[in-house]
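Here is what each chain is made of, one letter per residue.
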Amino acid sequence: MEFADLLMVFVRTVEHGSFSATARSMNMSPSAVSKRISGLENRLGVRLLSRSTRRITLTDEGRAFYDRAKRIAAEVLEAEEMVMSMGSRVRGTLRVTATVAMAKAHLLPLFPEFLKRYPELHLVLELTDRPVDLGEGGIDVAIRFTEQILDTSVVARKLLTNRRVICAAPGYLDAHGIPRTPEDLLDHNCLRLWTVASWNDWEFDGPGGARTLRVDGNFEANSADAVYHAALAGLGIARLSTYLVGNDLRSGRLVQLLPEYAHQKANILAVYPDRRNLSPKVRVFVDFLVERLSGLAE
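We now turn to the structure provided with this report. Just so we're clear, the structure is a prediction, and the values are computed from it rather than from any experiment. By convention here, each chain's residues receive numbers from 1 onward along its written sequence. Note on the predicted model: pLDDT of at least 70 is required for a residue's local features to be given, and 80 or more for side-chain atom pairs to be given and counted; whole-chain, interface and lining totals, by contrast, use all residues. Only hydrogens and water are set aside when side-chain values are computed; all heavy atoms of the structure are taken into account.

## Let's talk about the overall build of the chain
Part 1 of the reasoning: Secondary structure is summarised from DSSP: a helix means a run of H or I of at least four residues, a strand means a run of E of at least two, and numbering begins at the N terminus for each. Scanning the chain from terminus to terminus reveals 10 helices and 14 strands.
Part 2 of the reasoning: Buried residues are those whose accessible area, probed at 1.4 Å on protein chains only, stays under 20% of the maximum for their type, while exposed residues exceed 50% and partly exposed ones sit between those limits. Across the 298 residues in the chain, those meeting the buried criterion constitute 44%.
Part 3 of the reasoning: The method behind every accessible area is Shrake-Rupley, applied with a 1.4 Å probe, and residues are considered shielded solely by the protein chains displayed. Taken as a whole, the chain presents about 15200 Å² of accessible surface, with 50% of it coming from carbon and sulfur.

Below, the structure written as structure tokens:
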């Protein structure tokens, strides 16, 4: 086994935190991953990972080796992609992360067309509403909202203007009344997201001027998709994107509240590391999303 291959498996294992997750990402079996890690340890003559039934952790030697191995692995991948870009084909593994609701509404329906265009690409998708660090975990592209971008060194391309509205199910409004002003929301059960604190600071810019309210309630989740279904169930009032609730508003399953205060300041962005030589797989993916999403009106 080539040393570079062993090194790549080691780096990926540390990033994923388990043999099974590494095996899934690399189309291998967990036993094959374990065998390669053992082979690397035997070659180096040190133990790199401590194994238990629940998790793996780096030894002191493993931590020192990982810091250098991660940089080498990144350079190997960039060199490989540079050579590939000299040809006419786009190949390799593309790792994308996106928020759950956004992926279900807009990305997953587009992937068949994208992979038909680039059949030699292997697409790995991670769905999470948590903030992500593009420097960790081997992520190539993150689809994120403006509020989620904390690293000023990354490149961000706008895909879509995101419009959020305040809404609730008719059953909730029948039981608790209809808020007529933003301040009325302070007396209602507002559904919250705990993954990004600022998402619970609802901004209002309309009659009476601009203000921001910190809403509260008895339910919070880590995904807008969960908040959406909670709103449909009549649990409380939510602020959600129109790409999620548009059909429900038209059908009457949800009712828009305070329409004069619709929020339109959170663009949906494709975010990737600021690299001088952008890899072909990232370039074609971002260009494809811009092509297919930028004309959508939300």
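## Thoughts on the packing of aromatic side chains
Part 1 of the reasoning: Pairing of aromatic side chains here covers Phe, Tyr and the six-membered ring of Trp, requires ring centres within 6.5 Å, and sorts the geometry by plane angle: under 30 degrees stacked, over 60 edge-to-face, intermediate tilted. Scanning the entire structure with this criterion turns up seven aromatic pairs.
Part 2 of the reasoning: Seen from their ring centres, Phe111 and Phe285 are 6.3 Å apart, and the 40 degrees between their planes marks the pair as tilted. Separated by 174 residues along the polypeptide, Phe111 in helix α6 (residues 111-117) and Phe285 in helix α10 (residues 280-293) bring together distant segments of the chain.
Part 3 of the reasoning: Taking the relative accessible area as the measure of exposure, Phe111 reaches 8% and is therefore buried.
Part 4 of the reasoning: For Phe285, a relative accessible area of 0% corresponds to the buried category.
Part 5 of the reasoning: Residues Phe114 and Phe288 carry aromatic rings whose centres are separated by 5.3 Å and whose planes lie at 50 degrees to one another, so their mutual orientation is tilted.

## Here's the deal with unusual backbone geometry
Part 1 of the reasoning: Even without being a glycine, Asn27 presents a positive backbone phi close to 55 degrees.
Part 2 of the reasoning: Topologically, Asn27 is positioned in the loop between α2 (19-26) and α3 (30-44).
Part 3 of the reasoning: On the basis of relative accessible area, Asn27 is assigned to the exposed category, the value being 58%.
Part 4 of the reasoning: Even without being glycine, Leu258 reaches a positive phi, approximately 45 degrees.
Part 5 of the reasoning: Tracing the sequence through the fold places Leu258 in the loop between β13 (255-257) and β14 (268-272).

## Digging into the sheet that holds strand β5 (residues 141-145)
Part 1 of the reasoning: Between any two strands, pairing holds if DSSP finds at least two bridges. Across the sheet, which stays open at both edges, the five strands sit in the order β4-β3-β5-β14-β6 with mixed pairing between neighbours. The sheet is open, and its two edges are formed by β4 (121-127) and β6 (155-160), each paired on a single side. With direction set aside, neighbouring strand axes in the sheet form an average angle of 25 degrees.
Part 2 of the reasoning: Sheet topology note: the strand β3 (residues 92-98)/β4 ladder contains seven bridges and is parallel. Across the sheet, Ala98 pairs through a bridge with Leu127, a residue of β4.
Part 3 of the reasoning: Contacts were defined at the residue level, with two residues in contact if any of their heavy atoms lie within 4.5 Å. For helices, the fitted line uses only the C-alpha atoms of the stretch in contact; every axis is such a line through C-alpha atoms, and the angle between N-to-C directions lies from 0 to 180 degrees. On top of the sheet, helix α5 (residues 100-107) reaches β3, β4, β5, β6 and β14; it is set at about 120 degrees to β3, its chief contact.
Part 4 of the reasoning: Each of β3, β4, β5, β6 and β14 touches α10; the most contacted strand, β6, lies at about 30 degrees to it.

Note that all results are geometric; they support no functional claim without further evidence.
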